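Geometric and topological summary
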Amino acid sequence: MRRDNIINKKAVVAIIFCVMLIVISFSGCVQEESKEKVLIFASAGDVDKLDPADVTDGESVERMDNIFEGLVEYKPGGTEIQPCLATSWVTSSDGKNITFTLRQGVKFHDGTDFNADAVVFSFERQYNTSHPYFQYGEWIYWGLFYSDISSVEKIDNYTVNIRLDKVNAEMMTNLAMFTVTIVSPTNAEIWKEDAFKHPVGTGPFKFVEWVKDDHITLEANKEYWRGAPKLDKLIFRVIEDPSARLLALQATEIQGMEFPDPASFNSIKADSNLQLLTAPGMNVGYLAINCGYGYNDNNSNGVHDTDEPWVETPGYFEPFTNKSVRQAINYAINKTSIIENLYKGTAIVAKNGMPPFMLGYNDDIVDYPYNPDKARELLTEAGYPNGFNTTLWVMPVSRPYMFDPVKIGEAIQSYLEDVNIHIQFYQVEWATYLEKTEAGEHPMCLLGWTGDNGDPNNFMQLYGANGCNIGGALNVAFYNSTDVQDLLDAALQTYDTNERADLYEEAQEIIHEDAPYLYLAHANQNLVFTKNVQGFVLNPTARYFFYPVDLT
Amino acid sequence: MKWYIIKRLLQIIPVILGVTIIAFTLIHIAPGDPARNMLGQHASQQEIDEIRAKYGLDQPLYVQYFIWLGDVLQGNLGRSILSHEQVTIEIASRFPNTIELAIAAMLFAILIGVIAGIISATKQYSIADYSVMGIALFGISMPVFWLGIMLMMIFGVYLGWLPIGGRIDLLIPFHRVTGFMVLDSIITANGAALISVLSHLVLPAIALGTIPMAIIARTTRSSMLEILRQDFIRTERAKGLSERIVIYKHALRNAMVPVVTVVGLNFGLLLSGAILTETVFSWPGVGRLVVNAVYARDYPLVIGCILVFALVFVIVNLITDILYTYIDPRIHYD
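Because the structure is predicted, anything quoted here is derived from the model rather than measured.

Right, let's talk about the overall build of chain A for a bit. Check the secondary structure of chain A and you find 16 helices and 22 strands. The dimensions of chain A, computed from C-alpha atoms along their principal axes, are 95 × 75 × 45 Å. Considering only contacts in chain A between residues 6 or more positions apart, those separated by 24 or more positions represent 70%.

Have a look at this one:
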């Protein structure tokens, strides 16, 4: 018994000694101080896939925007279009052909030449069902944004023609989206259905590795056609919890992060090692008032045809068919107070249905001021001197444009109570919420929109009569003005930006007068960097380009 | 013993069938579906229907289950709807991280918990006893999320001793072999990586191990107190054995059976507790994978993860039962 004990003790001492020896001997080979310029950026989630044509999530786009490039791109900090892999383009007189001249001497990261074949490959796999690579993706955004493209053809090695079924003024901005960035065909052939794990583009950074839920490492593409980037390495880390992200930044484990918790804005501003970058976001949050009538889109063309009659939506509520009642609601609610107190400085007050930096934003419109007396007056005029009871649908999830739906709902409830409109809440799980509001089951609902492509049509389509299809409505106020729809259609028929802007401005005037929506807020986007990060430009499209960024 | 183990392993089959049927039903009953999630707010009904058809989600539930079961029997857990990656690869790339975290947390819990329990039992009603049990109560009631953030703030930001989160310092070159990063750094004799990997393990292990540590401390204490009152302990003391041998050799071994039970049960619970710890410490483990899969209604991935959790739970229970026979030779399974 006693001998056993001694042996055990000896063994324990020996093991401890060995472990210490290993640790000490290993600690000698701790790596040298790295002289590379490495920027680690923390985002809130991991990517779905690294195929630009087959994703819809922001995290995937963040990474791929630094690996891939399109024919055209947005000007830094804006939504205007400028050349990228195409040096120029010509639109045919009928507006149905756009011919691109491609940049010469550009190579993909795998050494493949960038040329017309690569462009045709990147597009064709998304729409041509008999293309051998069509089977490897869902190509979700093709149907949403590119269905007007009938074909993409190679004219010669450095000329490509995009043929459209009909004139679509939104197409140029669509072409700046990540979905149609150009991928290396050689790489796609090697990896086939697994190509999404091995992204190869022409951009400033090359893909190195992806450790799921942990990080993605990119390294500088020294042969980049605009010149090598200033950073040697760009690492995207996944840190889901916003407090943990900020702690990692304060401990300088990372140099940048997205989505800081607004509760920590003051401590970020007070920290001399950190910088908070803020810019307007491409979104709008609103209260939609169901005007009562939608149509059944029997032929699923997304257009209100003459043989599709206007019918009452399931959420039809008599008072809301009256313009004065809707205006009264706009007068009754103090938006400024909601933005200041409930959005905690993360948003600006909205008066139109699209963000202010966009083409065609009508800044001449004077917003409904907060005036409960005027609201009561309008309600009396409309025949509701004693008000009425109704239901407000409240989003079950928060979005930047609807920072805290329940509290915002409560504020709206108390403002409306003040003018004798008594509100009950209705809440349901998010997917069901979207389904039911698209079917028009609500009298009033909170909702919003985050822009996709930076084109005004992307927002304005929400307010046209075509958007009132019951079951798939974009226009959840079921505001079925054909006048507005005509203006929107006309704006899509011309590539002249001034003309488009005029048409959208006119449409906003009509919408403002009819008041189907109470536009609440445009949420800002916020990024935090350590002070030594220089040259990062925030984009309204919320896309992160690290090419110009340097560490000092 | 051999037959016992075989019998127990065979019992896994009905357990797994039951678990997967329940999980399959629950996740499909839950509102929302993966197609809607994938396509987002801007999608049309037609597109949603197409995706549903592509993944067979338009089939009746029992048909979907049998198709899935058929695939599983061929070793195929399917592909994740969201990432297109094979579910086996998705899980295999995270599983070693969760196991490493769970083992580290358990080692912490056992080491501190047992020692605290012994101190508490041998010095019953002393200041040491009250403070150990006070800390244990505190540990049980502590939200993992809050504890994790506190640990990060103190040891990561203010003292700067330990990293905030992640698995390894990303600037250190690392070569993956097995996926178990502690093991891999030893195999490849990568000292810098080993130190980094171990230091990244400390805070999450403490955060995750605190609750089991507290439970183990309390169990050890009560079990020890009971043993210390028994006749054979009095006999040993009367024989003149030193107090250390009485406590550590005789009393502790006899007190260990309930402690092993608690450890076994908690190891399973650690996997679920790991979900919060993994989120706070950005730990690339199965817990986060399954949570995100549930949010995205990524059915194949959810069911795959639940299958793995169930297997681990059953196997850990089996190991616990086998351990009893070593601790207490009176226990037989024949």
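Right, let's get into the overall build of chain B. What chain B contains, in helices and strands, is 13 helices and zero strands. Starting at the N terminus and ending at the C terminus, chain B contains elements arranged as α-α-α-α-α-α-α-α-α-α-α-α-α. By the burial criterion, 39% of the 334 residues in chain B qualify as buried. Sequence separation of 24 or more characterises 72% of the internal contacts of chain B that already satisfy a separation of 6 or more.

In a beta sheet, neighbouring strands are held together by backbone hydrogen bonds and run either parallel or antiparallel to one another. Residue and element names in this part refer to chain A. With antiparallel pairing, four strands are arranged side by side in an open sheet as 4-5-7-6. Each edge of the sheet is formed by a strand with only one pairing partner; in this case those strands are strand 4 (86–91) and strand 6 (149–156). On average, each strand axis in the sheet is inclined to that of its neighbour by 20°, with strand direction left out of account. Note: strand 6 against strand 7 (residues 159–164), six bridges, orientation antiparallel. From the neighbouring strand, V152 faces strand 7, where its bridge partner is I162.

Right, let's get into helix 12 (residues 286–295) of chain B. Those residues of helix 12 of chain B not exposed but buried are B:V286, B:G287, B:R288, B:L289, B:V290 and B:A293. Note on helix 12 of chain B: the residue one or two positions beyond its end, B:R297, has a positive phi of about 50°.

Here we take up the interface of chain A and chain B. Across the contact, 45 residues belong to chain A and 44 residues belong to chain B. Mapped onto the side of chain A that touches chain B, the elements with two or more residues apiece are helix 1 (2–27), strand 1 (38–43), helix 4 (140–146), strand 10 (233–238), helix 7 (242–250) and helix 13 (430–438) of chain A. Tallied by class, the residues present in the side of chain A that touches chain B amount to 19 nonpolar, 14 polar and 12 charged.

Ranked by size, the top nonpolar core spans 153 residues in total, and within it A:V119, B:A105, B:I216 and B:C305 carry the most contacts. Beyond its immediate chain neighbours, meaning those up to four positions away, B:A105 contacts B:A205, B:L208, B:G209 and B:L270. Among the nonpolar cores identified, the runner-up in size contains 76 residues, and A:V284, A:V394, A:I408 and A:F459 belong to it.

Bringing the confidence of the model for chain A into the picture now. All names here are of chain A. Counting all residues, the mean pLDDT for chain A is 91, and 94% of those residues have values of 70 or more. Considering only residues more than four positions removed or in separate chains, one finds that residues 1–7, a stretch of pLDDT under 50, has zero contacts. This stretch, residues 26–32, has a pLDDT under 50; its non-local contacts, to residues over four places away or in other chains, come to 12 contacts.

All names here are of chain B. Interhelical geometry of helix 10 (residues 231–239) versus helix 11 (residues 243–280) gives an angle of 145° and a closest axis separation of 11 Å. Where helix 10 crosses over helix 11, the handedness of that crossing is right-handed. Packed against helix 10, whose contacting residues are I233, E236 and R237, the element helix 11 presents V246, H250 and A251 at the interface. Residue composition of the contact of helix 10 with helix 11, grouped by class: three nonpolar, one polar and two charged.

How each quantity is defined
- Residues numbered from 1 in each chain as written.
- Chains lettered and ligands numbered in written order.
- Predicted model: local features only at pLDDT ≥ 70, side-chain atom pairs only at ≥ 80, totals over all residues.
- Helix = DSSP H or I, 4+ residues; strand = E, 2+ residues; numbered from the N terminus.
- Contact = placed C-beta atoms within 7 Å.
- Buried ≥ 20, exposed ≤ 12 C-beta atoms within 10 Å, placed from the backbone.
- Pairing = 2+ DSSP bridges.
- Axes fitted to C-alpha atoms, helices over the stretch in contact; angles between N-to-C directions.
- Nonpolar A, V, L, I, M, F, W, Y, C, P; charged D, E, K, R; others polar.
- Core = buried A, V, L, I, M, F, W, Y, C linked by C-beta atoms within 7 Å.
- pLDDT = per-residue confidence, 0-100.
- Left-handed = near helix turned anticlockwise from the far one by under 90°.

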